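# Inside the fold
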Amino acid sequence: MDAGSVTLLREILASTGWIERTRELGLALRATRSAGGLLVVGTPEEEPWHLTAHLSDEARLSGLPQLSPTLVRWAPAPGAPAHLRVGLERIRQAGRGETLFVVAEERAPEALLERVSDARRTGTTILALDGGDTDLTGLAHDALTVPERAPFSFDGAQHLVSMAAGEVERRPTLRDRLARLLERVSGPQVTD
(Lines give C-alpha, C1' and ligand atoms only; values in the text may rest on other atoms or scores of the structure.)
Protein backbone atom coordinates (compact mmCIF):
# COMPACT_ATOMS: atom_id res chain seq x y z
CA MET A 1 0.00 0.00 0.00
CA ASP A 2 1.52 3.34 -1.02
CA ALA A 3 1.03 6.72 0.66
CA GLY A 4 -1.70 7.69 -1.81
CA SER A 5 -3.69 4.54 -1.03
CA VAL A 6 -3.35 5.15 2.71
CA THR A 7 -4.50 8.75 2.25
CA LEU A 8 -7.54 7.51 0.29
CA LEU A 9 -8.29 4.96 3.01
CA ARG A 10 -8.10 7.74 5.61
CA GLU A 11 -10.59 9.82 3.61
CA ILE A 12 -12.99 6.88 3.38
CA LEU A 13 -12.72 6.22 7.13
CA ALA A 14 -12.87 9.90 8.16
CA SER A 15 -16.32 9.69 9.76
CA THR A 16 -15.87 6.30 11.45
CA GLY A 17 -13.61 7.08 14.42
CA TRP A 18 -10.88 4.75 13.15
CA ILE A 19 -8.59 7.60 12.10
CA GLU A 20 -8.64 9.08 15.59
CA ARG A 21 -7.80 5.66 17.13
CA THR A 22 -4.91 5.07 14.72
CA ARG A 23 -3.64 8.59 15.47
CA GLU A 24 -3.78 7.91 19.21
CA LEU A 25 -1.73 4.75 18.81
CA GLY A 26 0.65 6.50 16.41
CA LEU A 27 1.22 9.28 18.95
CA ALA A 28 1.78 6.71 21.70
CA LEU A 29 4.55 5.15 19.57
CA ARG A 30 6.32 8.52 19.57
CA ALA A 31 6.59 8.54 23.37
CA THR A 32 9.67 6.33 23.12
CA ARG A 33 12.66 8.34 24.32
CA SER A 34 15.45 7.17 22.03
CA ALA A 35 16.20 5.75 18.61
CA GLY A 36 16.07 1.96 18.77
CA GLY A 37 13.94 2.05 21.93
CA LEU A 38 10.80 1.21 19.97
CA LEU A 39 10.78 -2.60 19.96
CA VAL A 40 8.43 -4.20 17.43
CA VAL A 41 7.55 -7.88 17.83
CA GLY A 42 5.02 -10.22 16.29
CA THR A 43 4.26 -13.90 16.60
CA PRO A 44 6.57 -16.76 15.53
CA GLU A 45 4.43 -17.21 12.40
CA GLU A 46 4.10 -13.52 11.51
CA GLU A 47 6.95 -11.10 12.16
CA PRO A 48 5.99 -7.46 11.40
CA TRP A 49 8.74 -6.74 8.85
CA HIS A 50 6.58 -4.52 6.71
CA LEU A 51 5.38 -2.33 9.59
CA THR A 52 8.93 -2.04 10.90
CA ALA A 53 10.11 -0.83 7.49
CA HIS A 54 7.32 1.77 7.36
CA LEU A 55 8.12 3.04 10.86
CA SER A 56 11.77 3.34 9.86
CA ASP A 57 10.75 5.39 6.81
CA GLU A 58 8.45 7.58 8.93
CA ALA A 59 11.28 8.17 11.44
CA ARG A 60 13.58 9.32 8.65
CA LEU A 61 11.02 11.43 6.77
CA SER A 62 9.52 13.11 9.83
CA GLY A 63 12.79 13.71 11.67
CA LEU A 64 11.56 11.70 14.67
CA PRO A 65 14.46 9.40 15.64
CA GLN A 66 12.43 7.81 18.45
CA LEU A 67 10.33 6.11 15.75
CA SER A 68 13.39 4.20 14.51
CA PRO A 69 12.23 0.68 15.35
CA THR A 70 14.08 -2.43 16.43
CA LEU A 71 12.56 -5.58 14.95
CA VAL A 72 12.58 -8.28 17.63
CA ARG A 73 12.63 -11.74 16.06
CA TRP A 74 11.75 -15.15 17.42
CA ALA A 75 14.61 -17.02 15.74
CA PRO A 76 17.15 -14.70 14.15
CA ALA A 77 19.72 -16.33 11.90
CA PRO A 78 23.24 -16.13 13.41
CA GLY A 79 24.76 -14.78 10.18
CA ALA A 80 22.06 -12.19 9.57
CA PRO A 81 22.89 -8.46 9.51
CA ALA A 82 22.90 -6.84 12.96
CA HIS A 83 19.46 -5.24 12.56
CA LEU A 84 17.97 -8.69 11.81
CA ARG A 85 19.73 -10.52 14.66
CA VAL A 86 17.79 -9.01 17.57
CA GLY A 87 16.13 -11.84 19.46
CA LEU A 88 13.55 -12.11 22.22
CA GLU A 89 16.22 -11.53 24.90
CA ARG A 90 16.04 -7.84 23.93
CA ILE A 91 12.58 -7.69 25.52
CA ARG A 92 14.10 -8.73 28.86
CA GLN A 93 16.50 -5.78 28.63
CA ALA A 94 13.72 -3.26 27.93
CA GLY A 95 12.96 -0.67 30.56
CA ARG A 96 11.64 2.81 31.23
CA GLY A 97 11.58 5.13 28.25
CA GLU A 98 11.28 2.21 25.83
CA THR A 99 8.19 0.90 24.09
CA LEU A 100 7.29 -2.67 23.19
CA PHE A 101 4.86 -2.68 20.26
CA VAL A 102 3.25 -6.09 19.83
CA VAL A 103 1.67 -6.69 16.42
CA ALA A 104 -0.39 -9.87 16.37
CA GLU A 105 -3.40 -10.48 14.18
CA GLU A 106 -3.75 -13.96 15.66
CA ARG A 107 -3.66 -14.86 19.34
CA ALA A 108 -0.26 -14.11 20.93
CA PRO A 109 1.52 -17.23 22.23
CA GLU A 110 1.85 -17.67 25.99
CA ALA A 111 5.65 -17.23 25.78
CA LEU A 112 5.17 -13.77 24.27
CA LEU A 113 2.53 -12.78 26.81
CA GLU A 114 4.91 -13.72 29.63
CA ARG A 115 7.68 -11.57 28.15
CA VAL A 116 5.26 -8.68 27.63
CA SER A 117 4.13 -8.94 31.25
CA ASP A 118 7.75 -8.94 32.46
CA ALA A 119 8.58 -5.90 30.30
CA ARG A 120 5.56 -4.05 31.67
CA ARG A 121 6.77 -4.67 35.24
CA THR A 122 10.16 -3.10 34.40
CA GLY A 123 8.48 0.11 33.22
CA THR A 124 8.39 -0.52 29.48
CA THR A 125 5.38 1.00 27.74
CA ILE A 126 3.34 -1.75 26.09
CA LEU A 127 1.35 -1.02 22.94
CA ALA A 128 -0.55 -3.54 20.85
CA LEU A 129 -2.15 -3.85 17.46
CA ASP A 130 -4.17 -7.05 17.55
CA GLY A 131 -7.01 -8.96 16.01
CA GLY A 132 -9.00 -9.41 19.22
CA ASP A 133 -6.60 -11.03 21.70
CA THR A 134 -8.06 -9.97 25.07
CA ASP A 135 -5.02 -11.26 26.99
CA LEU A 136 -2.68 -9.07 24.95
CA THR A 137 -5.02 -6.09 25.11
CA GLY A 138 -5.21 -6.51 28.88
CA LEU A 139 -1.42 -6.21 29.20
CA ALA A 140 -1.13 -3.17 26.93
CA HIS A 141 -1.14 0.43 28.09
CA ASP A 142 -2.82 1.24 24.77
CA ALA A 143 -4.13 -1.12 22.13
CA LEU A 144 -5.95 -1.01 18.84
CA THR A 145 -8.03 -4.09 18.11
CA VAL A 146 -8.94 -4.71 14.48
CA PRO A 147 -11.96 -7.03 14.42
CA GLU A 148 -12.69 -9.33 11.49
CA ARG A 149 -15.53 -7.05 10.38
CA ALA A 150 -13.44 -3.88 10.34
CA PRO A 151 -13.82 -1.79 7.18
CA PHE A 152 -10.13 -2.47 6.36
CA SER A 153 -7.60 -5.27 6.70
CA PHE A 154 -5.08 -5.83 9.48
CA ASP A 155 -2.40 -4.80 6.98
CA GLY A 156 -4.35 -1.61 6.30
CA ALA A 157 -4.39 -0.89 10.04
CA GLN A 158 -0.60 -1.21 10.14
CA HIS A 159 -0.30 1.34 7.35
CA LEU A 160 -2.69 3.74 9.08
CA VAL A 161 -0.80 3.51 12.38
CA SER A 162 2.65 3.94 10.83
CA MET A 163 1.52 6.97 8.80
CA ALA A 164 -0.10 8.49 11.90
CA ALA A 165 3.09 7.93 13.91
CA GLY A 166 5.11 10.00 11.46
CA GLU A 167 2.69 12.90 11.14
CA VAL A 168 4.32 16.10 12.25
CA GLU A 169 2.00 19.00 12.78
CA ARG A 170 3.26 21.72 10.49
CA ARG A 171 3.20 25.16 12.01
CA PRO A 172 1.98 27.89 9.66
CA THR A 173 4.81 29.95 8.21
CA LEU A 174 4.81 33.73 8.15
CA ARG A 175 3.75 33.55 4.51
CA ASP A 176 0.78 31.28 5.42
CA ARG A 177 -0.34 33.65 8.19
CA LEU A 178 -0.03 36.71 5.96
CA ALA A 179 -2.01 35.02 3.18
CA ARG A 180 -4.83 34.19 5.61
CA LEU A 181 -4.81 37.75 6.96
CA LEU A 182 -4.90 39.19 3.44
CA GLU A 183 -7.82 36.95 2.51
CA ARG A 184 -9.75 37.98 5.62
CA VAL A 185 -9.13 41.68 4.95
CA SER A 186 -9.76 41.66 1.21
CA GLY A 187 -12.19 38.75 0.95
CA PRO A 188 -11.85 35.75 -1.32
CA GLN A 189 -10.51 36.36 -4.83
CA VAL A 190 -13.26 35.88 -7.43
CA THR A 191 -12.33 35.28 -11.03
CA ASP A 192 -14.62 35.98 -14.00
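Attention in this report is confined to the structure presented alongside it. Only a predicted model underlies this, so the values are computations on that prediction, with no experimental measurement involved.

### Concerning helix α2 (residues 18-29)
Counted at 1.5 Å a residue, the expected span for α2 with its twelve residues is 16 Å, and the 17 Å between its end C-alpha atoms agrees. Of the residues making up α2, those classed as buried are W18, I19, T22, L25, G26, A28 and L29.

### What to know about the pairing of strand β3 (residues 99-104)
Most of β3 is tucked away, with six of its six residues classed as buried. The alternating pattern of β3 places T99, F101 and V103 on one face and L100, V102 and A104 on the opposite face, and all of these are buried. Across four bridges, strand β1 (residues 38-41) lies against β3 in parallel orientation. Bridge pairing links V41 to V102 in β3. Sheet topology places β3 next to strand β4 (residues 125-130); six bridges connect them, and they run parallel. Within the sheet, the bridge partner assigned to A104 lies in β4 and is D130. Read as a crossover between parallel neighbours, the route from β3 over helix α5 (residues 110-121) to β4 is right-handed.

### Examining the sheet that holds β4
Backbone hydrogen bonds hold the strands of a sheet together, and the pairing may be parallel or antiparallel. Taken in spatial order, the five strands make up an open sheet running β2-β1-β3-β4-β5, and their pairing is parallel. Looking at strand neighbours, the two that pair on one side only are β2 (69-72) and β5 (142-145), the edges of this open sheet. Averaged over all pairs of adjacent strands, the angle between strand axes in this sheet comes to 20°, irrespective of strand direction. Across the sheet, α2 touches β1, β3, β4 and β5, and the angle it forms with β5 is around 145°. Strand contacts of α5: β1, β3 and β4, with the helix running at about 160° to β3, the strand carrying the most contacts.

### Here we look at the packing of helix α3 (residues 49-62) against helix α7 (residues 154-166)
The geometry of α3 relative to α7 is characterised by a closest axis approach of 9 Å and an angle of 20° between their N-to-C directions. The orientation of α3 with respect to α7, classified from their angle, is roughly parallel. The hand of the α3/α7 crossing is right-handed. Within the contact between the two elements, α3 uses H50, L51, H54, L55, E58 and S62 and α7 uses D155, Q158, H159, S162, M163, A165 and G166. Looking at the contact of α3 with α7, its residues break down into four nonpolar, seven polar and two charged.

Definitions and cut-offs
- Residues numbered from 1 in each chain as written.
- Predicted model: local features only at pLDDT ≥ 70, side-chain atom pairs only at ≥ 80, totals over all residues.
- Heavy atoms only, no water.
- Helix = DSSP H or I, 4+ residues; strand = E, 2+ residues; numbered from the N terminus.
- Expected span 1.5 Å × (residues − 1).
- Buried < 20%, exposed > 50% of the residue type's maximum accessible area, 1.4 Å probe, protein only.
- Pairing = 2+ DSSP bridges.
- Right-handed = clockwise from strand over helix to strand, strands pointing away.
- Axes fitted to C-alpha atoms, helices over the stretch in contact; angles between N-to-C directions.
- Contact = heavy atoms within 4.5 Å.
- Parallel < 35°, antiparallel > 145°, perpendicular 65-115°, else oblique.
- Left-handed = near helix turned anticlockwise from the far one by under 90°.
- Nonpolar A, V, L, I, M, F, W, Y, C, P; charged D, E, K, R; others polar.

Take it as geometry only, folks, not as evidence of what the structure does.
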